[in-house]
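# Observations on the three-dimensional arrangement
Below, each chain spelled out in residue letters.
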Number of protein chains: 2
Amino acid sequence: MESSPPSLSILSGRANRDPDPALGAPYFPSTMKLSSFFEEDRLMVDAALDRLLPAESAQPSSVHTAMRYSVFAGGKRMRPILCLESARIFTADVTPALHSACAIEFIHTYSLIHDDLPALDNDDLRRGKPTCHKKFGEAIAILAGDGLLTLAFETIGAAPVPPERRVAMLSEIASAAGTVNGMVGGQVADIEAERKPVDAKTLEYIHRSKTAALIRASVTAGALCAGAPPDDVARLRRFGETIGWAFQVTDDILDVEESSAALGKTAGKDLAQQKATYPAMYGLERSHEIARELATKAISELSPYAERAARLREIAEYLVLRRT
Amino acid sequence: MESSPPSLSILSGRANRDPDPALGAPYFPSTMKLSSFFEEDRLMVDAALDRLLPAESAQPSSVHTAMRYSVFAGGKRMRPILCLESARIFTADVTPALHSACAIEFIHTYSLIHDDLPALDNDDLRRGKPTCHKKFGEAIAILAGDGLLTLAFETIGAAPVPPERRVAMLSEIASAAGTVNGMVGGQVADIEAERKPVDAKTLEYIHRSKTAALIRASVTAGALCAGAPPDDVARLRRFGETIGWAFQVTDDILDVEESSAALGKTAGKDLAQQKATYPAMYGLERSHEIARELATKAISELSPYAERAARLREIAEYLVLRRT
């Protein structure tokens, strides 16, 4: 087992959890107060999700009821908010980015539904509520997941932007959700890694594929949707990849440090399932450092945008300082 | 229970299984010999599927091995062949349609993997081989299905045709695969209809959504990919919808009439599971008539294309006269 991931060696050696004042980012204590734009974006996203999802009454209603149950089970909408705030760097009107934002939330939700199934993580609780299969049965949960994944791509196809932008978002998002360095691949690798020792390279692969890829796609899709030039798209892709990685390291930490009640899901599961995690490989203190280093690296990508990226910078800070 | 589906009342009253010579379509006895273009198309599709699927060695290899196992488990490739031959009405070079053809085969394969799961149809045998979850376990089967569905949309995004055609194919295919009048919706309605009486309207909804929608999308995507004018796209959509419906009625009939060995899957399952089927509602003889009437109606849509649609006509005949 290596003592530190090689790819982090280029990062600064800062070892505490205090934010760097030089970054100009606000400091959030554990009871952090979120800026109002979080809530504004979240309300805009929730309204769009409601518009884009079939009504519960649409036949066959059981699957639509299950899809809505899981989408509206209390998610923080971090991925859609990242998409909108990435678009905002390049445009004042971010409403055209709501389609890709919601598409990514549909993909995120389907992945949670399928991950929770008895054959996978076998979880009964998600965001403090019964998981989809506990509420609706396994068959409907599998099909609700399939339906959300399909709806995600239908939604991208209907985005109110030129076809070439829709195709660019499609490729970006599908690749990030897929089996080669994407979300499904990361989930498979995560299952394969249970109950056996993994090396640092495998742990990094799992985190980057399972979580960082879709967060990267959220940020990138926002830029693509707003017609950002290729260099900016590439820069935001790097930001998204790195902050997504930090996000998953933080998730690992919270699974150890926080209670089930705070998380709304079963805490300590990673250890019980002998999952490959950063705290298990590096210890808690070093894991905090790694998350902080990754966030610093991600935020440094935003420097050309100055104040235009203030919100994205604030979200990045939140993602590693959150307690749930 | 009604004696005939109302929507068929406009069809001719032909009540035997002999094809109408006036249609100019070839007659296939039960040991029918397929035209060589079927095999040529199939080989072209198989080569493209092989190119578009990640290698078994690509990490994580378990999911890619499972995806390839199910895609190459011996399917007839009817949907991709329909896509290619629909494109051929409008273009001599159908190779650009291989992306959408393969995307639809990926979607079809994912639907079989998920349908076979213990929580759904709980089938051990598919095309004469162990089903994906019997071979690789439930977790990998669920994720292999998710991976194939995602790869399907990634493949459409990479089709070598202008972006507006890719977006049109995306919308067509995603809608046909989805929960509202699409494949997942039909599968849900099929599950809901088990072990309880269904009316003719529900039976029609199930067949049209579960099977006809994706076959319709196969034909329509071929026309869209080749840049067919809107009127032709609409005409081929009607052809695809109707022949897809006939295909599922024929599937119901074969489940009653043929052995498990011939079908390569468990015969008689519909009856055992008390599924909603045409033979159960209308009897075998009337079901044969319905399939024939639908095929005749479908083929009539092709009349403007004369010889250019000869192959599509031949496939339509095959789909209702096949014995496996």
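Our structure's up above, just so we're on the same page.
Residues numbered from 1 in each chain as written. Chains lettered and ligands numbered in written order. Predicted model: local features only at pLDDT ≥ 70, side-chain atom pairs only at ≥ 80, totals over all residues. Heavy atoms only, no water.

## Comments concerning the side chain of Asp146 of chain A
Just so we agree on the cut-off: Numbering of helices and strands runs from the N terminus, with a helix taken as a DSSP run of H or I at least four residues long and a strand as a DSSP run of E at least two residues long. Throughout, a contact is declared for two residues whenever any of their heavy atoms are within 4.5 Å.
Considering the arrangement of structural elements, one finds Asp146 of chain A in helix α6 (residues 138-157). Excluding its chain neighbours within four sequence positions, the residues that come into contact with Asp146 of chain A are His114 of chain A together with Tyr110, His114, Asp146, Leu149 and Val184 of chain B.

## Concerning the packing of helix α10 (residues 230-257) of chain A against helix α15 (residues 310-321) of chain A
Residue and element names in this part refer to chain A. Rules: Where helices are involved, their axes are fitted lines through C-alpha atoms of the stretch in contact, as for all axes, and angles between N-to-C directions lie from 0 to 180°. For classification purposes, an angle smaller than 35 degrees is called roughly parallel, one larger than 145 roughly antiparallel, one from 65 to 115 roughly perpendicular, and anything else oblique.
Their axes nearest at 8 Å, the elements α10 and α15 cross at an angle of 25 degrees. In terms of their interaxial angle, α10 and α15 are classed as roughly parallel. Facing α10, whose interface residues are Leu236, Phe239, Ile243, Ala246, Phe247 and Thr250, α15 presents Leu312, Ala316, Leu319 and Val320.

## Some thoughts on helix α2 (residues 61-71) of chain A
Going by this rule: For every residue, the accessible area (1.4 Å probe, protein chains only) is compared with the maximum for its type, and the residue is labelled buried under 20%, exposed over 50%, or partly exposed between those bounds.
Counting buried positions over the eleven residues of α2 of chain A gives eight, a clear majority of the element. Among the residues making up α2 of chain A, those that are buried are Val63, His64, Ala66, Met67, Arg68, Tyr69, Ser70 and Val71 of chain A. Structurally, α2 of chain A contributes buried residues whose contacts are with α1 (36-52), α4 (98-116), β2 (129-130), α5 (132-136) and α6 of chain A together with α8 (183-193) of chain B.

## Here we look at helix α3 (residues 78-88) of chain B
All names here are of chain B. In terms of residue burial, α3 counts as a mostly covered element, since ten of its eleven residues are buried. Considered for burial, the residues of α3 that qualify are Met78, Arg79, Pro80, Ile81, Leu82, Cys83, Leu84, Glu85, Ser86 and Ala87. Here the buried face of α3 lies against α1 (36-52), α4 (98-115), α9 (200-225), α10 (230-257) and α15 (310-321).

## With respect to the relation of the copies chain A and chain B
The line we're drawing: The copies were overlaid by least squares, fitting only the C-alpha atoms of residues that reach a pLDDT of 70 or more in each copy.
In the superposition of chain A on chain B (RMSD 0.0 Å, axial shift 0.0 Å), the rotation amounts to 180 degrees. Within this description, the copies of the chain are treated as partners about a two-fold rotation axis. In terms of proximity to the rotation axis, the leading residue of chain A is Pro163 of chain A, whose C-alpha is 2.8 Å off the axis.

## Side note on the environment of Arg311 of chain B
All names here are of chain B. Threshold: Each polar contact in these results corresponds to two N or O atoms within 3.5 Å; when the atoms are within protein, one needs to be able to donate a hydrogen and the other to accept it, and residues that are neighboring in sequence are counted only if both atoms are side-chain atoms.
Following the sequence through the fold, Arg311 ends up in helix α15. Look at Arg311 and you get partly exposed, because its relative accessible area is 28%. Considering only alpha carbons, one finds Arg311 and Ile89, 222 residues apart in sequence, at a separation of 9.3 Å. Apart from the residues lying within four places of it in its own chain, the contact partners of Arg311 are Phe37, Glu40, Asp41, Glu85 and Arg88. Polar contacts involving the side chain of Arg311 include one to the side chain of Glu85, which spans 3.2 Å.

## Remarks on the interface of chain A and chain B
Stated precisely, the cut-off is as follows: As used here, buried area is the combined drop in accessible area, with a 1.4 Å probe, of two parts when they are placed together. Definition used for salt bridges: Asp or Glu carboxyl oxygen within 4 Å of a side-chain nitrogen of Lys or Arg.
Taken together, the 45 residues of chain A in the interface contact 45 residues of chain B. Counting the surface lost from both chain A and chain B, the interface buries some 3,500 Å², and carbon and sulfur atoms represent 76% of this. Counting the surface chain A buries against chain B, the share from its top three residues, Leu143, Thr150 and Thr179 of chain A, is 15%. Counting across the interface, chain A meets chain B through zero salt bridges. Here chain A and chain B share six residue pairs in polar contact (both at pLDDT 80 or more) between them. Of all the secondary structure elements, the ones that give two or more residues to the side of chain A that touches chain B are α2, α4, α6, α7 (163-177) and α8 (183-193) of chain A.

## Looking at the packing of α3 of chain B against α4 of chain B
Residues and elements named next belong to chain B. Which entries qualify depends on this criterion: Crossing handedness is read from the near helix: turned anticlockwise from the far helix by less than a right angle, it gives a left-handed crossing, and turned clockwise, a right-handed one. Side-chain classes are defined by residue name, with Ala, Val, Leu, Ile, Met, Phe, Trp, Tyr, Cys and Pro counting as nonpolar, Asp, Glu, Lys and Arg as charged, and the others, Gly among them, as polar.
Remark: α3 packs on α4, axes separated minimally by 8 Å, with the N-to-C direction vectors making an angle of 155 degrees. The orientation of α3 relative to α4 falls into the category roughly antiparallel. The handedness of the crossing between α3 and α4 is right-handed. Contact with α3, carried on its side by Arg79, Pro80, Cys83 and Leu84, involves Leu98, Ser100, Ala101, Ile104, Glu105 and His108 of α4 and no other residues of that element. Classifying every residue of the contact of α3 with α4 by side-chain character gives six nonpolar, two polar and two charged.

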